[in-house]
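Examination of the molecular architecture
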Amino acid sequence: AMSSDGRIQTAVVYSGNIWTSYDYGVTWTSRATSQNWYGIAMSSDGRIQTAVVYNNGNIWTSYDYGVTWTSRATSQNWYSIAMSSDGRIQTAVVYSGNIWTSYDYGVTWTSRATSRNWLIIAMSSDGRIQSAFVYGGNIWTSYDYGVTWTSRATSQNWYSIAMSSDGRIQTAVVYPGNIWTSYDYGVTWTSRATSRDWQGIAMSSDGRIQTAVVYSGNIWT
C-alpha cells in the first residue's frame, strides 16, 4: 500500500515482517514481528495503517506511519482490508467468516454480514460505498459504511476489485474468467475482455485509467 503522493509505502510478508519505505520505495526497513501478514491499507497521508494476519491471526494498527504496531480484534482468517482516505472507516473481510467494520481508526471492530468465503474488499474515499466479493460467489455492495449488504452480479471466481474514489466506477476480475465493469456504484455489471487468468486490477481515482494483470500472461490497460 502507498500514500496518495507515493512517498510512503508499506509491504507485508506472509510468514515474515512488515516493511516500510519513506523515500518512494528506494530503501526499506523491517517492522513488527513475523506473522502470516496478508493485507495492508493506509490513509492517504500514510500515517494510519492497518494490516491483517491470515490463519488465525489479528488485525494490527499503526498511527505513526508504520513504525509501531498494536494488535486489535479477535483471531480470524483475515484476508483483505480497506480504509477511507482519512483512515477513520475501515472494513476487513474474513475467509470463511464475516465482514468486520471499524469507525474509530481500527481500534474497535463490529461483525457484519454472514459467514462466507470473503476474499477482497474495496471502498470509496469517504468509506460510504463498499464492495466485497465471495470467491465462487457473488459481489456484495454496501452504501451505509458497511452496515448492510446486498448481493449483486452472478456467481464467479472473483479475484480482485478496484473502484474510483467516489465509488461509482468499479471493476472486478475473475480467475479464470472475464473482466466485469460497473458504472452505477456496483448495482449492475457488464462482462468485458476475454476469459483469462485475471489476478489483479487497479485504477486511477477517477476510474478512467485501469490496469489488470494475468497470471502467467500480460498486463492489460
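Attention in this report is confined to the structure presented alongside it. Remember, it's a predicted structure, so these values are computed and weren't measured experimentally. (Residues numbered from 1 in each chain as written. Predicted model: local features only at pLDDT ≥ 70, side-chain atom pairs only at ≥ 80, totals over all residues. Heavy atoms only, no water.)

Let us look at a nonpolar patch on the surface. Side chains of Val13, Trp19 and Trp28 sit close together on the surface and give an oily, nonpolar patch of about 250 Å² of accessible area. Mapped onto the elements of the fold, Trp19 is located in strand β2 (residues 14-21). By relative accessible area, which is 34% here, Trp19 ends up partly exposed. (Patch = residues over 30% accessible without salt bridge, like charges linked within 9 Å, V, L, I, M, F, W, Y side chains within 5 Å. Areas by Shrake-Rupley, 256 points an atom, 1.4 Å probe, with all protein chains shown as cover. Salt bridge = Lys/Arg side-chain N within 4 Å of Asp/Glu carboxyl O. Helix = DSSP H or I, 4+ residues; strand = E, 2+ residues; numbered from the N terminus. Buried < 20%, exposed > 50% of the residue type's maximum accessible area, 1.4 Å probe, protein only.)

Let us look at the packing of aromatic side chains. By convention here, two paired aromatic rings are described through the distance between centres and the angle between planes. Under the definition given, this model contains 16 aromatic pairs. Geometrically, the ring pair formed by Trp37 and Trp60 is edge-to-face, given 5.9 Å between the ring centres and 70 degrees between the ring planes. Of this pair, Trp37 sits in strand β3 (residues 29-42) while Trp60 sits in strand β5 (residues 57-62); the two residues are 23 residues apart in sequence, bridging distant segments of the chain. According to the relative accessible area criterion, Trp37 is buried, its value standing at 1%. The exposure class assigned to Trp60 is buried, which follows from its relative accessible area of 17%. (Phe/Tyr/Trp six-rings, centres within 6.5 Å; stacked < 30°, edge-to-face > 60°.)

Time to look at the sheet that holds strand β16 (residues 210-214). Across the sheet, which stays open at both edges, the 3 strands sit in the order β15-β16-β17 with antiparallel pairing between neighbours. On the outer flanks of this sheet lie β15 (198-203) and β17 (219-220), each paired with one strand and no other. Summarising the sheet, β15 and β16 pair through 5 bridges and their orientation is antiparallel. What sits directly across from Ile201, in β16, is Ala212. (Pairing = 2+ DSSP bridges.)

A few words on the sheet that holds strand β4 (residues 49-53). Spatially, β1-β2-β3-β4-β5-β6 is the arrangement adopted by the 6 strands of the open sheet, whose pairing is antiparallel. Edge positions in the sheet fall to β1 (9-12) and β6 (70-76), since each of these pairs with one other strand and no more. Between one strand and the next, the sheet's axes are offset by a mean angle of 40 degrees, whatever the strand orientation. Alignment of β4 against β5, held across 4 bridges, turns out to be antiparallel. Bridge pairing in β5 links Val52 to Ile59. (Axes fitted to C-alpha atoms, helices over the stretch in contact; angles between N-to-C directions.)

This paragraph deals with the environment of Ser155. Note on placement: Ser155 falls in strand β11 (residues 150-163). Distance from Ser155 to Gly136, taken between C-alpha atoms, is 6.0 Å for residues 19 residues apart in sequence. A distance of 3.1 Å separates a polar side-chain atom of Ser155 from the backbone oxygen of Gly136. (Polar contact = N/O pair within 3.5 Å; in protein donor to acceptor, adjacent residues only side chain to side chain.)

Note that strand β8 (residues 90-102) and strand β9 (residues 110-123) share 5 bridges and pair antiparallel. Residue pairing for β9: Tyr95 is matched across the bridge by Asn117. Pairing of β9 with strand β10 (residues 130-142), which is carried by 5 bridges, proceeds in the antiparallel orientation. Following the sheet pairing, Ala122 is matched in β10 by Ser131.

A word on the nonpolar core. With 24 residues, the main nonpolar core has Val93, Trp118, Ala132, Phe133, Trp158 and Ile161 as its most contacted residues. Contributions of two or more residues to this core are made by β7 (78-83), β8, β9, β10, β11 and β12 (170-174). The element best represented in this core is β9, accounting for 6 residues. (Core = buried A, V, L, I, M, F, W, Y, C linked by side-chain atoms within 4.5 Å.)

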